[in-house]
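Observations on the model geometry
Residues per chain, in single letters:
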Amino acid sequence: MEHPYLDFLDLVEKPVRYLGGEPGAHRRDWENAAFCCRFVLCFPDVYDIGMSHLGSRILYKAINQCDDLLMERAFCPWLDMEAQLRQRQLPLVSLESAHRLADFDVVGFSLQYEMTYTNVLTMLELGGIPLRTADRGDQDPLVLGGGPCATHPEAVADFFDAFLIGDGEEALPALLRLVGELRREGLPRREILIRLAMRPGVYAPSLYKREVDAQSGFEVVTQPLDERVPERVTRQYVADLNDHPFPVDGPLALTESVFDRMSVELARGCTEGCRFCQAGIIYRPVRERDPQNVLETVKAAVSQAGYDAASLTSLSPADYSCITPLIIHLMDHLRDQKVSLGISSLRAYGLPERLLDEIASVKATGLTFAPEAGSQRMRDVINKNISEEDVLETCRQVFRRGWQRVKFYFILGLPGETDEDVVAISTLARRALGVGRDVARAPVVTVSVSSHVPKPHTPFQWCGMLDAATIEQRQDTLRGLLDERGLRFRCHDHRLSRLEAIVGRADRRAGSLIEAAWRMGARFDAWDDQLRHDIWDEALQKWQADENLHVELMLDSLSLEARLPWDHIDTGVSRNFLIAEYERARQAATTAPCGKPAGMLQHPASPEEWAEAGRLVCHHCGLACNMSQMSRQRKQWQEAVSHNLPAARDLARPATVQQLRGRPAHDFHQGIPVKLRLRHNKLDRARLLSQLDLARLLPQLMRRSALPVYYSEGFSPHPVMSFGPALNQGAASLAEYLEISLVGPQEALPSASNIVSRLNESIPLGIEFTDGRFFVEREKGLSKELFAADWLVQIKSELAFDQLAQRLAHLLNTKHIPVRVLRKNRERELNLAELLLHAELLRAEAGQWPGVPAGQCVLVYRIRTGGASVKPQEVLHALLDVELAGAGDVLRTALWLGTAAEDLRDPLEIPDDPALA
């Protein structure tokens, strides 16, 4: 069916955010009666960000591989699109089938960050769903929340029917089946929620009583309203990630996403035990994927997705037990595939030098220095088990291997922080810069500072947040101390952190605050350039007066005996363990990383070291991990993945950066390239792809089609390809051209028709390759040979056809047709008569041109290319004095090569080369 937004998407900033139809997307039959439950996963941020979320990719596979379940996706519309939907009274729809959210049985939200809560309300309202669960009837979908914020959900509890606490791969499919069964039985909404809440990990807020705790002043959850519902909700987690292989396929983003690479999850959880880190608690225990599976997954994912960059991701990749042999194997494979490897948040402290050599040998990204605190005392308070010498030695090793820039992450306002601790941040940064200057040409050290937000379920959950004035003063202090060449300072907006703390630590009464701010216009609050402090300040003042409370309740320190709004959510980590860690922090005492051999900050790097390692450390946090089984498993993996390691490359420990990077990163013989010119259509939804999106997408499709593409040399190789003249976004075309260079024995190259078929197997909707020809290198490139283009413009005018035709005929008999063009904010006048080769007014016949209805009045014309360009809307205005109704009314029908109007030929009419026949 035609997309409901297609007629106006050219009016918004990035139309591809709303199109769907991506390669790898599951387009299943909505009407299939076999589906017991239809589920849409909503990401409350824009498409560009949501498409990088690994959890959504994992769930997309887990659910859509089930014959009886259907999952689709929706993202929050940007401000311009929200305005268009409201103006046209259109609903927010899913990407796969364009059904409104209210049509689904279950609407799920991935809650990754508290400052996306107002976007949740936007999506609910535009999706046709009442905001509050109390206002929903039996026919409305169930609204389900998940993700890290679901572990402290009270601030948005009134907007959600239920929350799934923990991992979703196993729990969510079973939950959706139960919803489908109960809805088919015709049970009322409340009974369905009771049945769901009886399952482990499901929290239905409307089924619990609440009261104000006398000690804390918070409204806390007390007991269930139905005896079948448990008092506490226990987080669910997947015990063995290897039971759920990481997906190698899935939707390929049509526009550049925030992490535009193929990311593969290494592990879940973290061993370090940083006391400020919520993720380090709620994702316990640490679970690793088999390194052999990771290796095969990365290989398959790169091949199937077509990315030129891969990434290994987890909370702390350096703590993965087989990180060294795994990266060495991956680098050896990906180097020949022209794929760079990124390692997200890789803290490099203590990594073997060979591993740093491997990472430096390709365009790898992701090395991060995160001391979090400047002084050793503060690093002990937060349990950051590193010393200043660890940081400086790693800087030395990294700068020696060619990096010119490093970034430090620090946190201001940590519990117990003094002015001396703040000064220590600048001291550490200066020493790191000094180390860089000893071994690198022009090193740059960036210091990025955020404000500490005391997070629920952490040892610091009882701590207060530093007041705004002190945070500002300490930011100013650092800004002055770091005002030096080679040092850069960036700081996070502390006002945003303050809002994050208020919303994240609030009780259920905060729902009215969030709704009030949303109704006043708060949108995309996580975006620095969109956060409206005036709106939130006004909403906070009104909320405090209405609820008779003060926001300092959410910002002050709390008694260890106080009941908290998230106490009814059991993450598996005991309260006693958190209290013990809080007390150790007050004494600046560290706790050894759990799940590692005693006395080691890194896992053993070889089977021999594993054989000598002692027992894994366990602090008995409440999860009762089987440390013996974990140790045996990791030893076996280390032995398996360490076999047949590639020999060390002759790049280790170079004396200069030039020695390391002076030769191509992908050093192998590619052969002599052969050029192929391809023609394709750009119709329907594809006309809304920008030229930049297309230039990013087509190389990925070449990889997916296993074509032997030729790459440029140098440190950052890229496919050698070029495009014909770019279309304005929204215009359609029957004459798009692409030139690519292929490599390999000429007799082994696939035929042009075979390549066309391969590409069309994985192309997005509206693009179709139609033909192709090989040609010799000496042939001029397409852009240099183009002489003319044919265009068609649909005309919507109150004037009769005869009147328009008469005006056109009159102008074509003149030698000067003025046309005004605006380029780079400069307007000038051209003579269209010197550029126009032909023009006529026609009535379209049925099926004559795609998307043009029978009887439609159209202007068709041929115009010179090269030199001064004139857009179709400018031609239309100059010839007929009418305006272009929309970019979708424009169609490029042909391009022509040649040197004169009498000597035109099709771009695929290329002289045959016998060697390529």
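So, here is what we can say about the structure in this document.

**With respect to the overall build of the protein**
For the protein, the helix and strand inventory stands at 27 helices and 30 strands. Here the C-alpha radius of gyration of the protein, 31 Å, is about what a compact globule of 917 residues would show, namely 29 Å. By principal-axis analysis of the C-alpha atoms, the protein measures approximately 90 × 70 × 55 Å. Residues counted as buried form 59% of the 917 residues belonging to the protein. Expressed as a percentage of contacts within the protein between residues at least 6 apart in sequence, the contacts between residues at least 24 apart total 76%. Of the accessible surface of the protein, which amounts to about 37200 Å², a share of 47% is contributed by carbon and sulfur atoms. Across the protein, 105 positive and 125 negative side-chain charges occur, with their mean positions spaced 3 Å apart.

**Structural notes on a negative patch on the surface**
Side chains of E608, E609, E612 and E639 sit close together on the surface and give a patch of like negative charge. By residue number, the principal contributor to the negative patch is helix 20 (residues 607-612), which donates three residues. Along the chain, E608 turns up in helix 20.

**Focus on the packing of helix 5 (residues 171-184) against helix 6 (residues 189-197)**
Put simply, helix 5 and helix 6 touch, their axes get as near as 10 Å, and they point 150 degrees apart. Between helix 5 and helix 6, the interaxial angle falls into the category roughly antiparallel. The element helix 5 and its partner helix 6 pack so that their crossing is right-handed. Along the contact surface, helix 5 presents L175, L178, V179, L182 and R183, while helix 6 presents I192, R195 and L196. Residues that form the contact of helix 5 with helix 6 fall into these classes: six nonpolar, no polar and two charged.

**Brief notes about helix 23 (residues 691-704)**
Over its 14 residues, helix 23 runs 20 Å from end to end, which matches the ideal 20 Å to within 8%, given 1.5 Å per residue. With ten of 14 residues buried, helix 23 is to be regarded as a mostly interior element. Along helix 23, the residues classified as buried are D693, L694, R696, L697, L698, P699, Q700, L701, M702 and R703. A706 occupies a position one or two residues after helix 23 and carries a positive phi of about 55 degrees.

**Description of unusual backbone geometry**
For the bond running from R284 to P285, omega is -5 degrees, close enough to zero to count as cis. Mapped onto the fold, P285 is located in the loop between helix 7 (279-282) and strand 12 (287-288). Its identity is not glycine, yet E372 carries a phi of approximately 70 degrees, on the positive side. We classify E372 as buried; its relative accessible area is 11%. One non-glycine residue, A588, lies in positive phi territory at about 55 degrees. A relative accessible area of 27% means that A588 is categorised as partly exposed.

**Observations regarding the pattern of salt bridges**
What the rule picks out here adds up to 60 salt bridges. Put simply, K796 and D889 hold a salt bridge, and the shortest N to O gap is 3.0 Å. Of this pair, K796 sits in the loop between strand 24 (786-794) and helix 26 (801-812) while D889 sits in the loop between helix 27 (872-880) and strand 29 (890-898); the two residues are 93 residues apart in sequence, bridging distant segments of the chain. Of the residues examined, D889 reaches a relative accessible area of 12% and is grouped as buried. Beyond isolated ion pairs, a larger network of salt bridges with shared partners links D167, E169, E265, R268, R287 and R289.

**A short note on the side chain of R73**
Among the secondary structure elements, R73 is positioned in strand 2 (residues 69-75). Assessed through its relative accessible area of 6%, R73 is described here as buried. At a separation of 2.8 Å, a polar atom in the side chain of R73 contacts the side chain of E22. Look past the residues within four positions of R73 in its chain and what remains in contact with it is E22, A25, V40, L41, Y47, M51, Y60, S94, L95, E96 and P251.

**With respect to the sheet that holds strand 3 (residues 106-110)**
Strand order in the open sheet made by the six strands is 2-1-3-4-5-6, with mixed pairing throughout. Each edge of the open sheet carries a strand with a single partner, namely strand 2 and strand 6 (202-203). Relative to strand 2, strand 1 (residues 37-43) runs parallel, the two being bridged by seven bridges. Bridge pairing links F39 to M71 in strand 2.

**Points about the packing of aromatic side chains**
All chains considered together, the criterion is met by 14 aromatic pairs. With a centroid separation of 6.5 Å and 50 degrees between ring planes, the pair formed by F43 and F75 is classed as tilted. In this pair, F43 is assigned in strand 1 and F75 in strand 2, connecting sequence segments 32 residues apart. What makes F75 buried here is its relative accessible area of 9%. Grouped by ring-pair contacts, the aromatic residues F109, F160, F163, Y203 and Y208 constitute a single cluster. The lysine or arginine in question, R38, covers the ring of W30, its NZ or CZ lying 5.3 Å from the ring centre.

**Focus on the environment of V641**
For V641, the location among the structural elements is in helix 21 (residues 627-642). Among the residues examined, V641 registers a relative accessible area of 1% and is labelled buried. The sequence separation of V641 and T324 amounts to 317 residues, and the corresponding C-alpha distance is 9.7 Å. Not counting residues up to four positions away in its chain, the partners in contact with V641 are P291, Q292, C322, P325 and H329.

**Observations regarding the packing of helix 16 (residues 510-519) against helix 17 (residues 533-547)**
The N-to-C vectors of helix 16 and helix 17 enclose an angle of 145 degrees; their axes lie 9 Å apart at closest approach. The handedness of the crossing between helix 16 and helix 17 is right-handed. Touching A510, S512, L513, I514 and A517 of helix 16 are I535, W536, A539, L540, W543 and E547, all from helix 17. By residue class, the composition of the contact of helix 16 with helix 17 is nine nonpolar, one polar and one charged.

**Digging into the side chain of S705**
Locating S705 in the fold gives a position in the loop between helix 23 and strand 21 (721-723). Residue classification places S705 among the buried residues on the basis of a relative accessible area of 7%. If we skip the residues at most four places from it in the chain, S705 touches R758, L759 and S762.

**So, the environment of E561**
Position of E561 among the secondary structure elements: in the loop between helix 18 (552-555) and strand 19 (569-570). In sequence terms E561 and S426 are 135 residues apart; their C-alpha atoms lie 38 Å from each other. Look past the residues within four positions of E561 in its chain and what remains in contact with it is Q215 and R575. Among the polar contacts made by the side chain of E561, one reaches the side chain of S559 at a distance of 2.9 Å.

**Structural notes on the pairing of strand 18 (residues 487-491)**
Relative to strand 18, strand 17 (residues 444-451) runs parallel, the two sharing five bridges. Across the sheet, the residue bridging to V445 is L487, located in strand 18. Handedness of the β-α-β unit built from strand 17, helix 14 (residues 468-481) and strand 18 comes out right-handed.

**Focus on helix 19 (residues 575-586)**
Spanning twelve residues, helix 19 covers 17 Å between terminal C-alpha atoms, matching the ideal 16 Å at 1.5 Å per step. Burial in helix 19 covers these residues: F577, L578, E581, Y582 and A585. An end-on view of helix 19 places all buried positions within 140 degrees of arc, on one side of the element. Turned more than 90 degrees from where helix 19 packs its buried face, N576 and R586 sit exposed. Of the surrounding secondary structure, the elements contacted by the buried residues of helix 19 are helix 7 and helix 11 (376-381). Just downstream of helix 19 lies A588, where phi reads positive at about 55 degrees.

Reading guide: rules and limits
- Here, residues in each chain are numbered from 1, in the same order as that chain's written sequence.
- Only residues with pLDDT of at least 70 are given local features in this predicted model, and only at 80 or more are side-chain atom pairs given and counted; all residues enter the totals for whole chains, interfaces and linings.
- Excluded from the side-chain calculations are hydrogens and water; all other atoms, namely the structure's heavy atoms, are used.
- What counts as a helix is a DSSP run of H or I of at least four residues, what counts as a strand is a run of E of at least two, and both are numbered from the N terminus.
- For this measure, only C-alpha atoms enter the radius of gyration; the expected value for a globule follows 2.2 Å times N^0.38, where N is the number of residues.
- For every residue, the accessible area (1.4 Å probe, protein chains only) is compared with the maximum for its type, and the residue is labelled buried under 20%, exposed over 50%, or partly exposed between those bounds.
- Throughout, a residue-residue contact means that at least one pair of heavy atoms, one from each residue, lies within 4.5 Å.
- For every accessible area listed, the method is Shrake-Rupley and the probe measures 1.4 Å; residues are considered covered only by the protein chains on display.
- We count Lys and Arg on the positive side and Asp and Glu on the negative side, and we leave His and both chain ends out.
- Throughout, a charge is located at the NZ atom of Lys, the CZ atom of Arg, the CG atom of Asp or the CD atom of Glu.
- A residue counts toward a patch only above 30% relative accessible area and without a salt bridge, and it is joined to like-charged neighbours within 9 Å or, for Val, Leu, Ile, Met, Phe, Trp and Tyr, to nonpolar neighbours within 5 Å.
- The working definition used for a salt bridge is a side-chain nitrogen of Lys or Arg within 4 Å of a carboxyl oxygen of Asp or Glu.
- Here, axes are lines fitted to C-alpha atoms. For helices the fit covers the stretch in contact, and angles between N-to-C directions go from 0 to 180 degrees.
- Note on terminology: angles under 35 degrees are roughly parallel, angles over 145 are roughly antiparallel, angles of 65 to 115 are roughly perpendicular, and the others are oblique.
- Here a crossing is called left-handed whenever its near helix is offset anticlockwise from the far helix by less than a right angle, and right-handed whenever the offset is clockwise.
- Any residue that is not Ala, Val, Leu, Ile, Met, Phe, Trp, Tyr, Cys, Pro, Asp, Glu, Lys or Arg is counted as polar, Gly included; the first ten are nonpolar and the last four charged.
- Under the convention used throughout, the expected extent of a helix is 1.5 Å for every residue step, that is, one less than its residue count.
- Polar contacts, as counted here, are pairs of nitrogen or oxygen atoms within 3.5 Å of one another; within protein the pair requires one atom able to donate a hydrogen and one able to accept it, and residues that are adjacent in sequence qualify only if both atoms are side-chain atoms.
- At least two DSSP bridges between two strands are required for those strands to pair.
- The aromatic pairing rule takes the rings of Phe, Tyr and Trp, using the six-membered ring of Trp, and pairs them if the centres are within 6.5 Å, calling planes under 30 degrees apart stacked, those over 60 edge-to-face and the rest tilted.
- Criterion for a charge above a ring: Arg CZ or Lys NZ at most 6 Å from the ring centre, at most 35 degrees from the ring normal.
- By definition, the crossover connecting two strands over a helix is right-handed if that path, from the first strand to the second, turns clockwise as seen with the strands pointing away from the viewer.
- The arc in question is traced by the directions running from the helix axis to the C-beta atoms.

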